[in-house]
Amino acid sequence: MALDRILIVDDTAIIRKSLEERLRSKRYAVSTAGSIAEAEKRLLASSFDLIFLDMQLPDGDGRVFIERLSHNDNKPLVVMITADGSVESVVECMRSGAFDYLPKPFAMTQIDLILKKAAEFQRAVRVTDFLNRESIAQREIIGSSPAIARLKDLIHRVGRTNATVMISGENGTGKELVANDIFLNSQRSAKPFIKVNCAAISETLIESEFFGHEKGSFTGATDQRDGRFELADGGTILLDEISEISLALQAKLLRVLQEREFERVGGNKTIKVDVRVLATTNRDLLKAVENGTFREDLYYRLNVFPILVPPLRERTGDVEILSNHFLERFSKEHGIKSCGFSEVGMAGLLAHHWPGNVRELQNVVERAAILAEEGVPISAELMGLASPAATATRPAVPAPQVSTNPPAASQVIPLHELEKRAIFEALERTNGNRTQAAELLQISIRTLRNKLAEYRVDSGEVA
Ligand SMILES: Nc1ncnc2c1ncn2[C@@H]1O[C@H](COP(=O)(O)OP(=O)(O)OP(=O)(O)O)[C@@H](O)[C@H]1O
Ligand SMILES: [Mg+2]
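Residues numbered from 1 in each chain as written. Chains lettered and ligands numbered in written order. Predicted model: local features only at pLDDT ≥ 70, side-chain atom pairs only at ≥ 80, totals over all residues. Heavy atoms only, no water.

A.B. asks: A description of the nonpolar core should follow, citing residues and the corresponding values.
C.D. replies: Phe 210, Phe 229, Ile 237, Leu 239, Ile 242, Phe 294 and Leu 302 are the most contacted members of the largest nonpolar core, which totals 33 residues. The set of elements that each furnish at least two residues to this core consists of β9 (193-197), α8 (203-211), α9 (228-231), β12 (236-240), α10 (247-259), β15 (276-281), α11 (285-291) and α12 (296-302). Those residues in contact with Phe 210, other than ones at most four positions away along the chain, are Val 196, Cys 198, Gly 227, Arg 228, Phe 229, Leu 239, Ile 245, Leu 249 and Leu 253. (Core = buried A, V, L, I, M, F, W, Y, C linked by side-chain atoms within 4.5 Å. Buried < 20%, exposed > 50% of the residue type's maximum accessible area, 1.4 Å probe, protein only. Helix = DSSP H or I, 4+ residues; strand = E, 2+ residues; numbered from the N terminus. Contact = heavy atoms within 4.5 Å.)

A.B. asks: Residue-level account of the site of ligand 1, with values.
C.D. replies: Around ligand 1, the structure places 18 residues, and the nearest of them are Ile 142, Gly 172, Lys 175, Glu 176 and Arg 359. Ile 142 is positioned with one of its backbone polar atoms (N or O) 2.9 Å from a nitrogen atom of ligand 1. Here an oxygen atom of ligand 1 and a side-chain polar atom of Gln 362 are 3.2 Å apart. Protein chains shield 89% of the accessible area of ligand 1, which is 630 Å² for the free molecule. A molecule is said to occupy a pocket when more than half its atoms come within 2 Å of that pocket's grid points, and by this definition ligand 1 occupies the second largest pocket. Put simply, the parts of the chain that give the shell around ligand 1 at least two residues each are α7 (175-184), α13 (319-334) and α15 (357-371). Within the shell around ligand 1, the residues separate by chemical class into six nonpolar, six polar and six charged. Split by domain, the residues of the shell around ligand 1 number at least three in each of domain 2 (146-310) and domain 3 (313-458). (Near = heavy atom within 4 Å. Polar contact = N/O pair within 3.5 Å; in protein donor to acceptor, adjacent residues only side chain to side chain. Areas by Shrake-Rupley, 256 points an atom, 1.4 Å probe, with all protein chains shown as cover. 1 Å grid on protein atoms, 1.4 Å probe; cavity = no way out; pocket = protein on both sides within 12 Å on 5 of 7 lines; lining within 4 Å. Sits in = over half its atoms within 2 Å of the grid points. Nonpolar A, V, L, I, M, F, W, Y, C, P; charged D, E, K, R; others polar. Domains from an automatic or database assignment.)

A.B. asks: Explain the pattern of salt bridges residue by residue, including any values.
C.D. replies: Inspection of the entire model under this criterion finds 28 salt bridges. Here Lys 252 makes a salt bridge to Glu 207, at a shortest N to O gap of 2.8 Å. One end of the pair, Lys 252, is in helix α10; the other, Glu 207, is in helix α8, with 45 residues separating them in the sequence. Judged by relative accessible area, Lys 252 falls into the partly exposed class, the value being 39%. Residue Glu 230 pairs with Arg 264 through a salt bridge whose shortest N-O separation is 2.9 Å. In this pair, Glu 230 sits in helix α9 while Arg 264 sits in the loop between β13 (261-263) and β14 (270-272), placing the two residues 34 residues apart along the sequence. Both residues of the pair, Glu 230 and Arg 264, belong to the buried class. (Salt bridge = Lys/Arg side-chain N within 4 Å of Asp/Glu carboxyl O.)

If you want it as structure tokens, here you go:
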């Protein structure tokens, strides 16, 4: 609940008293004022989330006061207390910017309804603000490999449930994209989607980021603040890079996952939320459990539905479609006319190991789109691809199949890999002329053809 501090402005003592009692019994922080002058003083001393405001006060008209309040940065919601519930006076209240009205005499149940409405309204406003700042990059998952088809099927199936999903994979494989898609496929897609990057927030602030804090609960906590679990109430929360949180916070997170409840930092009110949890990790969490850096019970709470996003080098079938997709997107974004990749350029893309996965591919293509000259296809060289594969006759010359684990610098490069590199290097130098390439390699044209056919079989391409 985002509603905490309430001011009652009414010159009738009995109304102030009965309202105050009701609100206090519901644990709100309440102040009262009998006039506009007094209300102004209270507003100087602290801020309020909601004001019950009498329309007629001894020192002025409540509606004029609302008008003044509307210039405040953090303007409170105003509920007008009207002497009668006539249509005219209700219209007047709303026109002057009141959130709601309360005709005298009123029943306590009316107060409760107004509070509920105001709390929901405030939360919606905060969530909208939050989403505007951290806009969800709604992007489609591109790919034609069987791995992507499987991934999409899993997303579709688990999306519609409320199950906790643990998305793992190397850097830049598209984990966040998968999380977005699960959210968009869920019944909660119209509700908030709140992300917390556990790796980007400092250890001292992360608890408050998760659960919020009360005013004065630590140095710098000048105001009460809702945490992301509260903002996500009714919707979905994404705990990005979950492996990065401390053991102390893991214990608190476990409680939220089990009970869906927590307290704000420095607070003692238990807050209940209805939140669907998605998490991502690029580290092996099971290993972290073995090492004692990640709680086993939390691991099992999170790992209800695991999804593994495979590295790009294990689905080279996606490279071409992704490259073309990014080129089209960035050409549009930067207002560039592109005429695609050269065949050698595409072969270079297909041959690369992509240790940074799709993000690296995306960056390479964006840079190339900017550097490309109009009318000139993008070459491997322009993309700075180190050991480009080359051919002028693709698809007759396939992408060399990349080994699952690229050799580390200190490792020996397998002979067949060296051979492949030499062949593509020769083709690059001769602009794909096989006869000349064969000469450079000091092999027969027939051997060259056989080698190329071999690579094609390796990479799963059919001639
Ligand atoms: N299959 C895909 N189709 C289109 N774009 C993709 C795909 N996979 C990843 N991307 C893009 O690549 C970039 C990296 O993806 P994302 O941020 O989801 O990866 P990540 O696995 O969360 O990375 P990290 O581990 O570094 O946080 C994003 O800009 C994303 O839009
Ligand atoms: Mg990510």
